[in-house]
Amino acid sequence: MDVETHLNEDGTARLCTAPFSLVGKHVCSVQQQQSTTETSSNGNNIRQQQALLFQGSKGNSRSAVSSPVHGGHTLVHDTVATVSKDVRRHVKAIREANSGQSMVVESTATVEEEDESMDVDVPDAEKSNQKSALFETKIALGGKGRITADSVQLLRGHTAPVFLCAWCPAASNVLATGAGDGTARIWDLSRQLPSDDEQPIVLRHDSESLDSNSSRVDVTSIVWNDQGTLLATACFNGQLRIWSAKGELKQSLQQRAVPIISMRWNRKGSYLLSAYLDGTVAMWDVSLGQLRHEYKAHIGCVLDVDWLDNSTFASCGSDRAVKVWRDNDNSAPIKTFTGHKSDINAIKWHPGGKYLASASDDGTVKIWSISGDSQQPVQDFFGHSQQVYLVRWLPRADKAIVASASFDGNVRVWDVYSKACIRVLTAHTKAVDCLSFSSDARYLATGSFDKKVCVWNIKDGSLEKTYLADDAVHDVQWAAKGKVAAAIANSNVAVFDPLVNN
């Protein structure tokens, strides 16, 4: 992913007085002071390069170009202005993967026969050879029905696109959302149909009232600790805040005014990682409200972080590297994995800690292991024709099945043990930017810029249900007890149970 960062020559952030937004053009105030005749090494005027920045119109697509450093700024222009990792799937989706791609036949690799209790049918070579493009078209266009409007609870209140949603681990009916209006919100959905006067808890990230016309900061990350007692929220301006489940502000942590890319709690909820656009990862001791460690993790920006346990975590970035770090050993990573040929958008540890999956703009999914001395991937998965945006493991430690979402409009399901692509899910017509497994590992929900949420049966790959939203779907999350939440670009959040009457 290409982004714009504002850095001094010593690597620190250069502050700019011009506003940043995910939905509008940013023109750097420092760069405006430069001579209009200054040119880059390739002869292009800097202002001409600035003109390539995203203008805020949805669906506007341009080719990304890069320029060398000028006046302390590293300028790398994409279709959007500066973005964060947790929101990157929403803004990268604006580039819209090509629709109408030809259907793909599933992998024909021979695999071991699974017991009948397994949640996923892994096809053998003979069965796979019998599959055809017509079969996959039937899956894509068929399904068991649409989710109708009368079975959907719409949460209204945000005044800008909703980018994020997260269910509280301790209360299955409590949902947190984050949007471009500078707010996160906590919704109590314990009632089937809340009354009109029942309002969510609003967590503001600006100093003005919600009714003012003041500029706001996009909420770029929201994450609950595993205990469900604390919610961390982060903003584009570098704000990091810790809230109770009832919306009480517990702590406000701000290391620097640099956009926060991603956040993750460790399992105990004692430490919180925050990843920054300047390549830094910070580890916070939440009980003390203090910075514990700062890791100079990547050249360029950090795009994702994920904990293996309470003291070991991994990071990835635009420098095409995956690094593994330990608490109290912040001088150097304990492992560095290289092999991707472009930005690494996402990483995720296997539920049992065996493997680490990575997804890249080079169109591949790679599987790594920290056991042994090898720095080569355990498995290289090819098949997507465009950027791979997200990876998620099936929530079963005894299996090693991972799903990947891509800008080619497809979702692929891979089995690490059999080294095979066991499912190609093809209902979407535009970029797939979010996915979530059900807690029982039987279903997969996927969301796309084509406005659809699709719910798949993992065992046979069939399309169970489809929900058609009014705008692009930016995030989809499955609650522990069956409900699915979808964050939508029209400022609403849709909540529904896709398995009712199945």
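Keep in mind that what you see is a predicted model, and the values were worked out from it rather than measured.

A look at the overall build of the protein
Regarding its fold elements, the protein presents five helices and 34 strands. Expressed as a percentage of the 502 residues in the protein, the buried residues total 58%. Restricting to contacts in the protein with at least 6 residues of sequence separation, those with at least 24 account for 50%. In the form shown here, the protein has an accessible surface area of approximately 20100 Å², with 46% of it arising from carbon and sulfur atoms.

Some points on the packing of aromatic side chains
The geometry of an aromatic ring pair is captured by the separation of the ring centres together with the interplanar angle, meaning the angle of the planes. The final tally for this structure, using the stated rule, is nine aromatic pairs. Taken together, a centroid distance of 4.9 Å and an interplanar angle of 25° make the contact between F337 and W368 stacked. Placement of F337 in strand β19 (residues 335–338) and of W368 in strand β22 (residues 365–368) is noted, with a sequence separation of 31 residues between them. In this pair, the class of F337 matches that of W368, namely buried. Through pairs of rings, three or more aromatic residues link up here, namely Y295, W307, F313 and W325.

Focus: the nonpolar core
Judged by nonpolar contacts, the single largest core of 36 residues is most densely connected at I367, W393 and L444. When contributions to this core are tallied by element, the ones reaching two or more residues are β21 (356–360), β22, β24 (388–393), β25 (401–406), β26 (411–415), β27 (420–425), β28 (432–437) and β30 (452–457). For this core, the leading source of residues is β27, giving five residues. With near-sequence residues (within four places) excluded, I367 lies in contact with Y355, L356, A357, P377, V378, Q379, F381, W393, V402 and V416. Counting residues in hydrophobic clusters, the runner-up holds 32 residues, among them L240, I260, V281 and V305.

Here's the deal with the sheet that holds strand β3 (residues 153–155)
In space, the four strands of this open sheet follow the order β3-β34-β33-β32, with antiparallel pairing throughout. One side of each edge strand has no neighbouring strand; the edge strands of this open sheet are β3 and β32 (473–478). Strand after strand, the sheet turns through a mean of 20° between neighbouring axes, direction not considered.

Some details on the pairing of strand β6 (residues 183–188)
With respect to burial, β6 is a largely interior element, five of its six residues being buried. Looking at chain direction, strand β5 (residues 174–179) and β6 are connected through five bridges and run antiparallel. Each residue of the ladder has a partner; that of V174, found in β6, is D188. The hairpin turn running from β5 into β6, its antiparallel successor, is three residues long, and G182 in that turn takes a positive phi close to 80°. Sheet topology places β6 next to strand β7 (residues 201–204); four bridges connect them, and they run antiparallel. Its bridge partner lying in β7, A184 is registered against L203.

Details of the pairing of strand β12 (residues 260–265)
Regular strands have side chains that alternate between both faces of the sheet. For β12, the tally of buried residues reaches six of six residues, placing the bulk of the element in the interior. Connecting the antiparallel pair β12 and strand β13 (residues 271–276) is a turn made up of five residues, with G269 showing a positive phi of about 80°.

Comments concerning the confidence of the model for the protein
When pLDDT is low, close inspection of the predicted coordinates is not appropriate. Taken residue by residue, the protein gives an average pLDDT of 76. The fraction at 70 or more is 67%. Confidence over residues 123–142 falls short of pLDDT 50; this stretch has 36 contacts with residues more than four positions distant or in other chains.

Notes on the pattern of salt bridges
Tallied over the entire structure, the rule returns nine salt bridges. A salt bridge links K348 to D306, with the shortest nitrogen-to-oxygen separation between them at 3.7 Å. One end of the pair, K348, is in strand β20 (residues 344–349); the other, D306, is in strand β16 (residues 302–307), with 42 residues separating them in the sequence. Residue classification places K348 among the partly exposed positions, given a relative accessible area of 23%. For D306, a relative accessible area of 7% translates into the label buried. Salt-bridge contacts for K452 lead to D450; the nearest nitrogen and oxygen are separated by 3.9 Å. Considered together, K452 and D450 belong to a single accessibility category, that of buried residues.

Cut-offs and rules
- Residues numbered from 1 in each chain as written.
- Predicted model: local features only at pLDDT ≥ 70, side-chain atom pairs only at ≥ 80, totals over all residues.
- Heavy atoms only, no water.
- Helix = DSSP H or I, 4+ residues; strand = E, 2+ residues; numbered from the N terminus.
- Buried < 20%, exposed > 50% of the residue type's maximum accessible area, 1.4 Å probe, protein only.
- Contact = heavy atoms within 4.5 Å.
- Areas by Shrake-Rupley, 256 points an atom, 1.4 Å probe, with all protein chains shown as cover.
- Phe/Tyr/Trp six-rings, centres within 6.5 Å; stacked < 30°, edge-to-face > 60°.
- Core = buried A, V, L, I, M, F, W, Y, C linked by side-chain atoms within 4.5 Å.
- Pairing = 2+ DSSP bridges.
- Axes fitted to C-alpha atoms, helices over the stretch in contact; angles between N-to-C directions.
- pLDDT = per-residue confidence, 0-100.
- Salt bridge = Lys/Arg side-chain N within 4 Å of Asp/Glu carboxyl O.

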